[in-house]
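Read off the chains here:
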Amino acid sequence: MIRIRGLSHSYAGRKTLSNLDLDIAPGEFVYLQGPSGSGKSTLLRILNRQIDRFDGDISIDGQPLKRMARHEVRRKVATIHQSYELIERKTVLENVSLAGEVQGKPPATVRTESRACLSKVGLAGKEEMFPQQLSGGEQQRVAIARALLNGPAVLLADEPTGNLDPDNAERILQLLRDLNESEGTTILMVTHSSELVRSFPARTLFMKGGCLHAHEPDTGTLLHS
Ligand code: ADP
Ligand code: MG
């Protein structure tokens, strides 16, 4: 589903990603861990085309990312963030619907699909509420419903539980794992929480200094000295 070859990126001459290769199969659930500043968010922003300039080759679902139109990328690759990024002055239903309106679907269809997505994430009955009337966990559910609206092939989650207490964090992760199973959505999730990873084990990648590792990189401890 995601194929990356020789991906490099820099900000103002400073290298942020160094020659990454990565394959993620359709329907896979993958964690991405690594210290702050190691390049995790940059990788996600390249995959959803928030960042356009990079060296190397990326294809999503067999299509070269560089040749996909922006609206096509937005439909195929959805993103959720630590901070939910909801519009405070719009209702829950309006927040979710926006994702369909920008794709040019008829408003009535968008409303029906938005309600269905809200129900999928356990928020039926909260359609007319405003984000600030909801708990953090519920706001993240709204963001997930919005992300699901266009039936994305890939869901990128950048520390989606970073602002939640452990119980709510676990519930959100459970929801993502359920969606991965039931919808077959490929999910790449950044998390700092090794505890969460342990409670829902899956393939885990580690980023360090702009390089990807399949295992936790050596922390510097000399085992054989
Ligand atoms: P992570 O998500 O792993 O914490 P980021 O991908 O956000 O790391 O950042 C990787 C590196 O790129 C860091 O050194 C960071 O300071 C730098 N960086 C991130 N965003 C920008 C930006 N907009 N302009 C310049 N440098 C940036
Ligand atoms: Mg980050």
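Refer to the preceding data block for the structure.
Computed from a predicted model, the values in this text were never measured in an experiment.

1. Section: the packing of aromatic side chains
Applying the stated rule across the entire model yields 1 aromatic pair. When the ring of Phe29 is compared with that of Tyr31, the centres are 5.1 Å apart and the planes differ by 70°; the resulting orientation is edge-to-face. Like Phe29, the residue Tyr31 is buried in the burial classification. The ring of Phe54 carries Lys66 above its face, with NZ or CZ at 4.4 Å from the centroid.

2. Thoughts on helix 4 (residues 107-120)
Between its first and last C-alpha, helix 4 extends 20 Å over 14 residues, near the 20 Å set by a 1.5 Å rise per residue. Structurally, helix 4 contributes buried residues whose contacts are with helix 3 (92-101) and helix 5 (136-148). One or two residues past the end of helix 4 sits Gly122, with phi positive at roughly 85°.

3. Quick notes on the side chain of Thr191
Relative to the helices and strands, Thr191 resides in the loop between strand 8 (186-190) and helix 7 (194-199). With relative accessibility at 3%, the residue Thr191 sits in the buried group. With near-sequence residues (within four places) excluded, Thr191 lies in contact with Tyr31, Leu32, Gln33, Thr161, Leu196 and Val197.

4. Some remarks on the site of ligand 1
Near ligand 1 the following residues occur: Tyr11, Arg14, Thr16, Pro35, Ser36, Gly37, Ser38, Gly39, Lys40, Ser41 and Thr42. In the environment of ligand 1, an oxygen atom lies 2.7 Å from a nitrogen or oxygen atom belonging to the backbone of Gly37. Between ligand 1 and the protein, one listed contact pairs an oxygen atom with a side-chain N or O atom of Thr42 at 2.5 Å. Look at ligand 1: alone it shows 570 Å² of surface, and the protein chains cover 63% of it. Contributing elements (two or more residues each) for the shell around ligand 1: strand 2 (14-24) and helix 1 (40-47).

What counts, and at which threshold
- Residues numbered from 1 in each chain as written.
- Chains lettered and ligands numbered in written order.
- Predicted model: local features only at pLDDT ≥ 70, side-chain atom pairs only at ≥ 80, totals over all residues.
- Heavy atoms only, no water.
- Phe/Tyr/Trp six-rings, centres within 6.5 Å; stacked < 30°, edge-to-face > 60°.
- Buried < 20%, exposed > 50% of the residue type's maximum accessible area, 1.4 Å probe, protein only.
- Lys NZ or Arg CZ within 6 Å of the ring centre and 35° of its normal.
- Helix = DSSP H or I, 4+ residues; strand = E, 2+ residues; numbered from the N terminus.
- Expected span 1.5 Å × (residues − 1).
- Contact = heavy atoms within 4.5 Å.
- Near = heavy atom within 4 Å.
- Polar contact = N/O pair within 3.5 Å; in protein donor to acceptor, adjacent residues only side chain to side chain.
- Areas by Shrake-Rupley, 256 points an atom, 1.4 Å probe, with all protein chains shown as cover.

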